[in-house]
Amino acid sequence: MKSDMLSLARVIGVTLLLFIVQFSYAQNTVGIGVSDPNPNAVLELVSPDHNQGLLVPRVTTSQRTATTFVSKLSAIDKGLFVFDIDVNSLFFWVELHGPE
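As a starting point, this report considers the structure included with it. The residue count restarts for each chain, going from 1 along the sequence in the order it is written. Two thresholds apply to this predicted model, a pLDDT of at least 70 for residue-level local features and 80 or more for giving and counting side-chain atom pairs, whereas whole-chain, interface and lining totals are computed over all residues. Each side-chain value is derived from all of the structure's non-hydrogen atoms; neither hydrogens nor water enter the calculation.

## Regarding the overall build of the chain
Secondary structure follows DSSP: runs of H or I at least 4 residues long count as helices, runs of E at least 2 residues long count as strands, and numbering of each begins at the N terminus. Check the secondary structure of the chain and you find three helices and six strands. The linear arrangement of helices and strands in the chain, starting from the amino end, is α-β-β-β-α-α-β-β-β. Exposed residues in this analysis have more than 50% of their type's maximum accessible area, buried residues have under 20%, and partly exposed residues fall in between, with area computed by a 1.4 Å probe over protein chains only. In the chain, which comprises 100 residues, the proportion classed as buried is 12%. Here the open area of atoms and residues is found with the Shrake-Rupley method and a 1.4 Å probe, where only the protein chains shown may cover a residue. Accessible surface, the chain as shown: approximately 8,200 Å² in total, 63% of it carbon and sulfur.

## Observations regarding the pairing of strand E5 (residues 89-95)
Two strands pair when backbone bridges link them, and strand E4 (residues 81-84) and E5 are joined in this way by four bridges, in the antiparallel orientation. Across the sheet, the residue bridging to Phe 81 is Phe 92, located in E5. Between E4 and the antiparallel strand that follows it, E5, lie four residues; Asn 88 among them carries a positive phi value of about 50°. When DSSP finds two or more bridges between two strands, those strands count as paired.

## Thoughts on the environment of Asn 40
Summarising the element assignment, Asn 40 is placed in the loop between strand E1 (30-32) and strand E2 (43-45). Judged by relative accessible area, which is 76%, Asn 40 ranks as exposed. The sequence separation of Asn 40 and Asn 28 amounts to 12 residues, and the corresponding C-alpha distance is 9.4 Å.

## Description of the packing of aromatic side chains
Note on aromatic contacts: the rings of Phe and Tyr and the six-membered ring of Trp form a pair at centre separations within 6.5 Å, being stacked when their planes are under 30 degrees apart, edge-to-face when over 60 apart, and tilted otherwise. The full count for this structure, using the stated rule, is one aromatic pair. With a centroid separation of 5.9 Å and an interplanar angle of 45°, the aromatic rings of Phe 81 and Phe 92 are classed as tilted. Taken as a pair, Phe 81 in strand E4 and Phe 92 in strand E5 lie far apart in primary sequence, 11 residues in all. Taking relative accessible area as the criterion, Phe 92 reaches 37% and is therefore assigned partly exposed. The ring of Phe 91 has Arg 64 lying over it, and the distance from NZ or CZ to the ring centre is 3.6 Å. In our convention, an over-ring charge means Lys NZ or Arg CZ found within 6 Å of a ring centre and within 35 degrees of that ring's normal.

Below, the structure written as C-alpha coordinates:
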(Lines give C-alpha, C1' and ligand atoms only; values in the text may rest on other atoms or scores of the structure.)
Protein backbone atom coordinates (compact mmCIF):
# COMPACT_ATOMS: atom_id res chain seq x y z
CA MET A 1 0.00 0.00 0.00
CA LYS A 2 2.79 2.39 0.96
CA SER A 3 4.71 1.63 -2.25
CA ASP A 4 1.52 2.21 -4.30
CA MET A 5 1.11 5.66 -2.73
CA LEU A 6 4.77 6.44 -3.40
CA SER A 7 4.41 5.36 -7.05
CA LEU A 8 1.27 7.46 -7.42
CA ALA A 9 3.06 10.46 -5.93
CA ARG A 10 5.93 10.00 -8.41
CA VAL A 11 3.55 9.78 -11.36
CA ILE A 12 1.74 12.92 -10.23
CA GLY A 13 5.05 14.71 -9.68
CA VAL A 14 6.41 13.80 -13.11
CA THR A 15 3.11 14.77 -14.75
CA LEU A 16 3.14 18.16 -13.03
CA LEU A 17 6.77 18.71 -14.01
CA LEU A 18 6.02 17.94 -17.66
CA PHE A 19 3.00 20.25 -17.57
CA ILE A 20 5.08 23.09 -16.10
CA VAL A 21 7.85 22.63 -18.68
CA GLN A 22 5.33 22.62 -21.54
CA PHE A 23 3.51 25.65 -20.14
CA SER A 24 6.70 27.67 -19.72
CA TYR A 25 7.81 26.78 -23.25
CA ALA A 26 4.48 27.96 -24.66
CA GLN A 27 4.94 31.39 -23.10
CA ASN A 28 7.81 32.34 -25.44
CA THR A 29 5.42 33.74 -28.07
CA VAL A 30 2.34 35.87 -27.43
CA GLY A 31 -0.37 36.50 -29.97
CA ILE A 32 -3.26 38.91 -29.70
CA GLY A 33 -6.01 38.34 -32.24
CA VAL A 34 -4.24 35.28 -33.64
CA SER A 35 -4.57 31.68 -32.50
CA ASP A 36 -1.16 30.53 -33.79
CA PRO A 37 1.39 33.35 -33.33
CA ASN A 38 4.57 33.42 -35.38
CA PRO A 39 7.17 31.42 -33.40
CA ASN A 40 9.90 33.84 -34.51
CA ALA A 41 8.14 36.81 -32.90
CA VAL A 42 7.84 37.63 -29.22
CA LEU A 43 4.55 39.42 -29.91
CA GLU A 44 2.23 39.19 -32.91
CA LEU A 45 -0.76 41.49 -33.14
CA VAL A 46 -3.61 40.96 -35.60
CA SER A 47 -6.74 43.12 -35.58
CA PRO A 48 -10.07 41.32 -36.03
CA ASP A 49 -10.87 43.08 -39.33
CA HIS A 50 -7.24 43.69 -40.36
CA ASN A 51 -7.84 47.44 -40.24
CA GLN A 52 -6.10 48.50 -37.02
CA GLY A 53 -2.51 49.23 -36.10
CA LEU A 54 -0.22 49.54 -33.12
CA LEU A 55 -0.24 52.83 -31.23
CA VAL A 56 3.16 53.52 -29.68
CA PRO A 57 3.67 55.98 -26.82
CA ARG A 58 3.22 59.61 -27.93
CA VAL A 59 5.45 62.36 -26.55
CA THR A 60 6.27 65.98 -27.32
CA THR A 61 9.70 67.02 -28.56
CA SER A 62 10.52 68.51 -25.17
CA GLN A 63 9.55 65.27 -23.44
CA ARG A 64 11.56 63.16 -25.90
CA THR A 65 14.70 65.29 -25.56
CA ALA A 66 14.41 66.01 -21.83
CA THR A 67 17.44 65.09 -19.77
CA THR A 68 15.15 63.31 -17.30
CA PHE A 69 14.12 60.94 -20.12
CA VAL A 70 17.34 60.62 -22.13
CA SER A 71 19.61 60.21 -19.11
CA LYS A 72 17.74 57.07 -18.07
CA LEU A 73 18.31 55.33 -21.42
CA SER A 74 21.20 52.95 -21.96
CA ALA A 75 22.37 50.33 -24.44
CA ILE A 76 19.72 47.98 -23.00
CA ASP A 77 17.02 50.32 -24.36
CA LYS A 78 18.07 50.04 -28.02
CA GLY A 79 14.92 49.74 -30.11
CA LEU A 80 12.68 51.79 -27.79
CA PHE A 81 9.98 53.51 -29.90
CA VAL A 82 8.21 56.81 -29.27
CA PHE A 83 6.15 59.00 -31.57
CA ASP A 84 6.92 62.73 -31.39
CA ILE A 85 3.58 64.52 -31.85
CA ASP A 86 5.24 67.90 -32.45
CA VAL A 87 7.14 66.80 -35.56
CA ASN A 88 4.88 63.85 -36.50
CA SER A 89 7.78 61.40 -36.57
CA LEU A 90 8.57 58.02 -35.11
CA PHE A 91 11.83 57.91 -33.16
CA PHE A 92 13.69 54.88 -31.92
CA TRP A 93 16.64 54.57 -29.60
CA VAL A 94 19.78 53.31 -31.34
CA GLU A 95 22.87 54.07 -29.27
CA LEU A 96 23.94 56.02 -26.22
CA HIS A 97 24.01 59.24 -28.26
CA GLY A 98 20.21 59.33 -28.45
CA PRO A 99 17.18 58.59 -30.56
CA GLU A 100 17.32 58.55 -34.37
